[in-house]
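Commentary on secondary and tertiary structure
Residue strings, one per chain:
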Amino acid sequence: MEYLTSEELTFFKRYGYLIKRRALDEGLCERVLDRMWGSAPASVHRDDPETWRPIGVEESSDDSLLLHQGTRWQLRGASTEADLIDLMYSPQLVCWAEQLLGVGTLRPPVKGGKPMGSWGPAWPGGPVDPQLGEGVRGIYATLPTEEPAQRLQDRLHTDGHPFHLGVVGLIDHCPEHGGGFKVWPGSHRRFYPLFPTQYDQARIPFYPHMPSFKGLIHPPEYLEEVDKVEADTPPVECFGERGDIVFWHHRLGHMAGHNTARPRAIRQAVLYDFCKTDLDQMRLTPPHEDMWQDWGEALQAAQAPISAQFAAEQRLPLALFEGS
Ligand SMILES: [Fe+2]
């Protein structure tokens, strides 16, 4: 087993993300990839990149267990299958997550349990809640867009459901600009204090006869900070090779990257949320003075210098680099 170094733990605290390369089992990646391709839209062929295009309206489906819509192809129905759970809840990933969150504190996923998407979206047209699922989030593919890159805007968000630590794992090569997960380094420290409770975003119920007020309530201070972060922080794109993962803090600003890759490529990833067993109690409290209070001792204690070389390996923009 490999352990995260003090430098890696410090980097995660400061910037809210940590890339680990070749962290997933190769054979499992291949099997999960095969599983995904078994759910491909009829017009998208694995051996013909020319067919890797946005899904047309006639082929679209908003089934929350298998979404086919535009550039999004998301297989959630498989999210509690053994291969997916073994891939993301592997002894190595659990070891790292326990360094971050505390040994023996993680809530394990349930093989054969209810997949994310079984309950449908939070409101008509709204997102599916990842907390309503007992496995990984699913296999998320982003097809290449036909939109010109200059027309595509980056827009960050933070997730509205309670969890502790996200992880996105690439199950195949993902080139730069190929739809890799994008993160805004350091934004977790700015967003964390701005919510009434430390893990949730407040929600308002949906009523069909009053459709204009629904979904998540964003505090005005949060919306202002989103604009500021987008203006002053260049995002990091987590492209990479099969098996590369990125850990990210639950309040980190992020987005699913646009896929403008040419030659055409499909971003194929599995997403998982690590949660602690006492999340139900922790989510009752407002943000703590020390935002790492609920986290593991190894993470809390980490206070190492960060080398310029390590920051570069993490693709941290130079303007954001603080060595110690
Ligand atoms: Fe998100």
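Per-chain numbering applies: the sequence of each chain, read as written, is numbered from 1 onward. In keeping with the model being predicted, local features are shown solely for residues with a pLDDT of at least 70 and side-chain atom pairs are shown and tallied solely at 80 or more, while totals for entire chains, interfaces and linings include all residues.

1. Brief notes about the overall build of the protein
A run of H or I in DSSP counts as a helix once it spans at least four residues, and a run of E counts as a strand once it spans at least two, with each numbered from the N terminus. In terms of helices and strands, the protein carries nine helices and 12 strands. Atoms counted for the radius of gyration: C-alpha only. Globule rule: 2.2 Å times residue count to the power 0.38. For the protein, the C-alpha radius of gyration of 19 Å lies close to 20 Å, the compact-globule estimate for 324 residues. Over its C-alpha atoms, taken along the principal directions, the protein stretches across nearly 55 × 50 × 45 Å. At a minimum sequence separation of 6, the contacts of the protein that also span at least 24 residues come to 83%. Each residue is represented by a C-beta atom placed from its backbone, and any two residues with such atoms within 7 Å are regarded as in contact.

2. Here we look at the sheet that holds strand β1 (residues 17-20)
As summarised here, the arrangement of the seven strands in space is β1-β10-β5-β12-β4-β3-β2, forming an open sheet in which the pairing is antiparallel. Here the strands that pair on one side only, and so sit at the sheet edges, are β1 and β2 (66-69). On average, each strand axis in the sheet is tilted by 20° relative to the strand beside it, whichever way the strands run. Here a strand pair is declared whenever DSSP counts at least two bridges between the two strands. Bridging between β1 and strand β10 (residues 245-249) involves four bridges; their strand directions are antiparallel. Bridging across to β10, Y17 finds its partner in W248. Only the stretch in contact is used when fitting a helix axis, every axis being a line fitted to C-alpha atoms; angles between N-to-C directions are given from 0 to 180 degrees.

3. Points about the pairing of β10
Here exposure depends only on C-beta density: within 10 Å of a residue's C-beta, 20 or more other C-beta atoms make it buried, 12 or fewer make it exposed, and intermediate numbers make it partly exposed, the C-beta atoms being placed from the backbone. Across the five residues that make up β10, a large majority, five, are buried. Residues I245, F247 and H249 line one face of β10 and the alternating positions V246 and W248 line the opposite face, and both faces are buried. Of the pairings in the sheet, the one linking strand β5 (residues 165-170) to β10 comprises five bridges and is antiparallel in character. Each bridged residue has a counterpart across the sheet, and for V167 the counterpart in β10 is F247.

4. So, the sheet that holds strand β9 (residues 236-238)
A sheet is described by the order of its strands in space; here three strands give the open sequence β9-β6-β11, paired in antiparallel fashion. Looking at strand neighbours, the two that pair on one side only are β9 and β11 (254-256), the edges of this open sheet. Neighbour to neighbour, the strand axes of the sheet diverge by 25° on average, direction disregarded. Alignment of strand β6 (residues 181-183) against β9, held across three bridges, turns out to be antiparallel. Across the sheet, residue V183 finds its bridge partner in β9, namely V236.

5. A word on unusual backbone geometry
In this structure, the amide linkage connecting R262 to the following residue, P263, adopts the cis form with an omega of 0°. Within the secondary structure, P263 sits in the loop between β11 and β12 (267-274). Even without glycine at this site, R315 takes up a positive phi of about 65°.

6. With respect to helix α4 (residues 91-101)
Within α4, burial applies to L93, W96, A97, Q99, L100 and L101. A positive phi of about 120° marks G102, the residue just after α4.

7. What about the pairing of strand β3 (residues 72-75)?
Pairing of β2 with β3 involves four bridges; the strand directions are antiparallel. Note on β3: the bridge partner recorded for H68 is W73. The turn joining β2 and β3, which pair antiparallel and follow one another in sequence, is formed by two residues; a positive phi near 60° is taken by G70. Bridge analysis of β3 against strand β4 (residues 138-142) gives four bridges, and the strand direction is antiparallel. Residue pairing across strands places L75 opposite I139, the latter belonging to β4.

8. A look at helix α2 (residues 26-37)
Spanning 12 residues, α2 covers 17 Å between terminal C-alpha atoms, matching the ideal 16 Å at 1.5 Å per step. Among the residues of α2, L28, C29, V32 and M36 are the ones counted as buried. Down the axis of α2, the sector holding all buried residues measures 105°, keeping them to one side. Exposed positions of α2 whose direction lies more than 90 degrees from the buried face are E26, G27 and D34. Given the number of residues in a helix, its expected span is that number minus one, multiplied by 1.5 Å. This arc describes the spread of directions from the helix axis toward the C-beta atoms.

9. Things to note about the environment of E98
Tracing the backbone shows E98 in helix α4. Sequence spacing of E98 and P208 is 110 residues, and the spatial spacing of their C-alpha atoms is 43 Å. When sequence neighbours within four positions are dropped, the list of residues in contact with E98 reads V103, L106 and G296.

10. A look at the environment of Q300
With respect to the helices and strands, the residue Q300 is situated in helix α8 (residues 297-301). As a C-alpha pair, Q300 and T10 span 290 residues in sequence and 8.8 Å in three-dimensional space. Contact partners of Q300, with chain neighbours within four places excluded, come to W292 and W295.

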